[in-house]
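The residues making up each chain are set out below.
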Amino acid sequence: MAAKLAKMGYAVVRQQPVDIEYDDLRFEAAFKIDLLVDGRLVVEIKSVERLNAAHGKQLLTYLRLTKQPVGLLINFGGATLKEGLHRVVNEYTPSASPRLRVNKI
């Protein structure tokens, strides 16, 4: 996927380390982002039968730590790629009731 994006002209960084600072302590490379596209799109790749809430929370944590607005959670292990593609937005507050939301993990 990274090679295809790069061939299309995007700047792609694989396994981008993310540092954490907490209570005057610094943890270098505490996490690694699967793909960072053009320095602004965080992509987390999975290959599991079914995504769960922890996968979405992992991506949201990466978005918050890097102060990025949007990310993609892509699961190649499901029946179709369409059901395994989820957009996650940092600082997003949904306006619709939970019953009306379509994109639930």
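Here, every reference points to the structure presented above.
Student: For this particular structure, what's the right way to read the pattern of salt bridges?
Tutor: One side chain can pair with another of opposite charge once the charged atoms of both are near each other. Here the structure, examined in full by the defined rule, presents 4 salt bridges. Close ionic contact of Asp-19 with Arg-26 constitutes a salt bridge, the shortest N to O distance being 2.7 Å. The partner of Arg-26 in a salt bridge is Glu-21, and the shortest N-O contact between them spans 2.6 Å. A relative accessible area of 45% means that Arg-26 is categorised as partly exposed. Bridged by salt links that share partners, the residues Asp-19, Glu-21, Arg-26 and Glu-28 form one connected network.

Student: Help me understand a nonpolar patch on the surface, please; the structure alone is not making it clear to me.
Tutor: A grouping of Met-1, Phe-76 and Leu-81 is seen on the molecular surface, where their side chains present a nonpolar patch of about 300 Å² in accessible area. Residue Met-1 is classed as partly exposed on the basis of its relative accessible area, which comes to 44%.

Student: Any chance you could explain the sheet that holds strand β3 (residues 41-46) here in plain terms?
Tutor: Within a sheet, adjacent strands bond to each other through the backbone by hydrogen bonds, running parallel or antiparallel. Taken together, the 5 strands give an open sheet; going across it, the order is β1-β2-β3-β4-β5, and neighbouring strands pair in mixed fashion. A single partner strand is all that each edge strand has here, and the edge strands are β1 (12-22) and β5 (85-89). Strand-to-strand, the axes of this sheet are offset by a mean angle of 40°, without reference to chain direction. Sheet topology note: the β3/strand β4 (residues 70-75) ladder contains 6 bridges and is parallel. Following the sheet pairing, Ile-45 is matched in β4 by Ile-74. Packed onto the sheet, helix α2 (residues 53-66) meets β1, β2 (25-37), β3, β4 and β5 and runs at close to 155° relative to β3.

Student: Would you take a moment to explain the pairing of β2 for this structure?
Tutor: Along any regular strand, the residues point their side chains to alternate faces of the sheet. Here β1 runs beside β2; their pairing, made up of 9 bridges, is antiparallel. Each residue of the ladder has a partner; that of Val-18, found in β2, is Phe-31. Linking β2 to β3, which pair antiparallel, is a turn of 3 residues; within it Asp-38 sits at a positive phi near 55°.

Student: For this particular structure, what's the right way to read the nonpolar core?
Tutor: Here is a general trend for soluble globular proteins: nonpolar side chains tend to be buried in one another's company. Residues Val-18, Ile-33, Leu-36, Val-42, Leu-51, Leu-59, Leu-60, Tyr-62, Leu-63, Leu-73 and Val-88 constitute the largest nonpolar core, which totals 11 residues. Of all the elements in the fold, those that place two or more residues in this core are β2 and α2. Among the elements that take part in this core, α2 stands out by supplying 4 residues, more than any other. By size, the runner-up hydrophobic cluster in this structure holds 6 residues, among which are Ala-2, Leu-5, Leu-35 and Ile-74.

Student: Explain the packing of aromatic side chains here, please?
Tutor: Aromatic ring pairs are described here by two measures, namely the spacing of the ring centres and the angle between the planes. This structure, assessed with the given rule, holds 1 aromatic pair. Here the aromatic rings of Phe-31 and Tyr-62 are separated by 5.5 Å at their centres, their planes lie at 55°, and the arrangement is tilted. Residue Phe-31 is located in strand β2, and its partner Tyr-62 is located in helix α2; the two are separated by 31 residues in the primary sequence. Given the relative accessible area of 29%, Phe-31 is considered partly exposed.

What counts, and where the lines are drawn
- Residues numbered from 1 in each chain as written.
- Predicted model: local features only at pLDDT ≥ 70, side-chain atom pairs only at ≥ 80, totals over all residues.
- Heavy atoms only, no water.
- Salt bridge = Lys/Arg side-chain N within 4 Å of Asp/Glu carboxyl O.
- Buried < 20%, exposed > 50% of the residue type's maximum accessible area, 1.4 Å probe, protein only.
- Patch = residues over 30% accessible without salt bridge, like charges linked within 9 Å, V, L, I, M, F, W, Y side chains within 5 Å.
- Areas by Shrake-Rupley, 256 points an atom, 1.4 Å probe, with all protein chains shown as cover.
- Pairing = 2+ DSSP bridges.
- Helix = DSSP H or I, 4+ residues; strand = E, 2+ residues; numbered from the N terminus.
- Axes fitted to C-alpha atoms, helices over the stretch in contact; angles between N-to-C directions.
- Contact = heavy atoms within 4.5 Å.
- Core = buried A, V, L, I, M, F, W, Y, C linked by side-chain atoms within 4.5 Å.
- Phe/Tyr/Trp six-rings, centres within 6.5 Å; stacked < 30°, edge-to-face > 60°.

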